[in-house]
Amino acid sequence: MIGILIIAHAPLASALRDCALHVFPDCAAGVLALDVLANDAPEDSLQQAYNAMTALATQEVLLLSDVFGATPCNVAQQLGDGSRTRLVAGVNLPMLLRSVCYRHESLESLAARAHAGGTQGVMPVGSTAPQNQTGTRHASSHHDHQQ
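Since the model is a prediction, treat every value here as computed from it, not as a measurement.

(A) Main features of the packing of helix α4 (residues 93-101) against helix α5 (residues 107-120). Contact pair α4 / α5: the axes reach a minimum separation of 7 Å and the direction vectors enclose 145 degrees. Here the hand of the crossing between α4 and α5 comes out right-handed. Residues P94, M95, R98 and S99 of α4 touch α5, and the partners they reach there are L110, R113, A114, A116, G117, G118 and Q120. Considered class by class, the residues forming the contact of α4 with α5 number five nonpolar, four polar and two charged.

(B) Looking closely at the pattern of salt bridges. Taken as a whole and judged by the stated rule, the model has three salt bridges. Between D81 and R84 there is a salt bridge, with the nearest N and O atoms lying 3.5 Å from each other. The partner of E105 in a salt bridge is R113, and the shortest N-O contact between them spans 2.9 Å.

(C) Structural detail: the nonpolar core. Counting residues in each nonpolar core, the largest one holds 23 residues, and the members touching the most others are I4, I6, V31, L62, L64, V88 and L96. Mapped by element, the contributors of at least two residues to this core are β1 (3-9), α1 (12-23), β3 (61-65), α4 and α5. Among residues more than four places away in sequence, those in contact with L62 are I2, G3, I4, L5, R86, V88, S99, L107, L110, A111 and A114. If you look at the next biggest cluster of nonpolar residues, it comprises 14 residues, including L46, A49, A52 and M53.

(D) Main features of the packing of aromatic side chains. Following the criterion strictly, the structure yields zero aromatic pairs and no others. In this structure, R113 packs its charged tip against the face of Y102, placed 3.8 Å from the ring centre.

(E) Geometry of the sheet that holds strand β4 (residues 85-89). Taken in spatial order, the four strands make up an open sheet running β2-β1-β3-β4, and their pairing is parallel. The open sheet has two free edges, formed respectively by β2 (31-36) and β4, since each of these has just one partner strand. Ignoring which end each strand starts from, the neighbouring axes of this sheet average 20 degrees apart. Against the sheet, α1 contacts β1 and β2, and its axis sits at roughly 155 degrees relative to β2. Here helix α3 (residues 71-79) sits on the sheet and contacts β1, β2, β3 and β4; the angle it forms with β1, its principal contact strand, is near 145 degrees.

(F) Molecular detail of the packing of helix α2 (residues 42-56) against α3. Relative to each other, α2 and α3 sit at 55 degrees, their axes nearing to 9 Å. Taken together, the axes of α2 and α3 are oblique relative to one another. In this structure, α2 meets α3 at a crossing whose hand is right-handed. Contacts between α2 and α3 involve P42, S45, L46, A49, Y50 and M53 from the first element and T71, V75, Q78 and L79 from the second. Split into classes, the residues belonging to the contact of α2 with α3 amount to seven nonpolar, three polar and no charged.

(G) Molecular detail of α2. Over its 15 residues, α2 extends 21 Å from the first C-alpha to the last, a length consistent with the 21 Å expected when each residue adds 1.5 Å. Within α2, burial applies to S45, L46, A49, A52, M53 and L56. The buried residues of α2 occupy an angular sector of 120 degrees when the element is viewed end-on, so they sit on one face. Among the exposed residues of α2, those pointing more than 90 degrees away from its buried face are E43, T54 and A55. Against the buried residues of α2 lie β1, β2, β3, α3 and β4. Looking one or two residues beyond α2, the residue adopting positive phi is A57, at roughly 55 degrees.

The rules behind the values
- Residues numbered from 1 in each chain as written.
- Predicted model: local features only at pLDDT ≥ 70, side-chain atom pairs only at ≥ 80, totals over all residues.
- Heavy atoms only, no water.
- Axes fitted to C-alpha atoms, helices over the stretch in contact; angles between N-to-C directions.
- Helix = DSSP H or I, 4+ residues; strand = E, 2+ residues; numbered from the N terminus.
- Left-handed = near helix turned anticlockwise from the far one by under 90°.
- Contact = heavy atoms within 4.5 Å.
- Nonpolar A, V, L, I, M, F, W, Y, C, P; charged D, E, K, R; others polar.
- Salt bridge = Lys/Arg side-chain N within 4 Å of Asp/Glu carboxyl O.
- Core = buried A, V, L, I, M, F, W, Y, C linked by side-chain atoms within 4.5 Å.
- Buried < 20%, exposed > 50% of the residue type's maximum accessible area, 1.4 Å probe, protein only.
- Phe/Tyr/Trp six-rings, centres within 6.5 Å; stacked < 30°, edge-to-face > 60°.
- Lys NZ or Arg CZ within 6 Å of the ring centre and 35° of its normal.
- Pairing = 2+ DSSP bridges.
- Parallel < 35°, antiparallel > 145°, perpendicular 65-115°, else oblique.
- Expected span 1.5 Å × (residues − 1).
- Arc of directions from axis to C-beta.

Structure follows, in structure tokens:
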């Protein structure tokens, strides 16, 4: 299984992990969170991130960060080696839940599913009945487990 490390501004990383464990309590060992505090030195966050990756004890790691270009994402980029890790920025709960569901797939496939889960989980919701709302609808033959 691929490990998942969430690196985000405090307290988002831990909050997302807690939500994932609420839905999938058996994923605790494979999903870790690193909350980056506003006054943390980037090199300290990087060391904590290396420690977290080691604690996952997996060959491959999907890195999820909150905002591209911010310190948590920059730390995650420094962890990436291009072969054992993939980084997806803009983490949200649908992205994380989708990632947890597909940890058994290849790292490339998991990163693609994370991206799809994150983007498909964001949609405008109107005040009308759900069947009358506009938005992307999946074909009935499409079998992704949408959270």
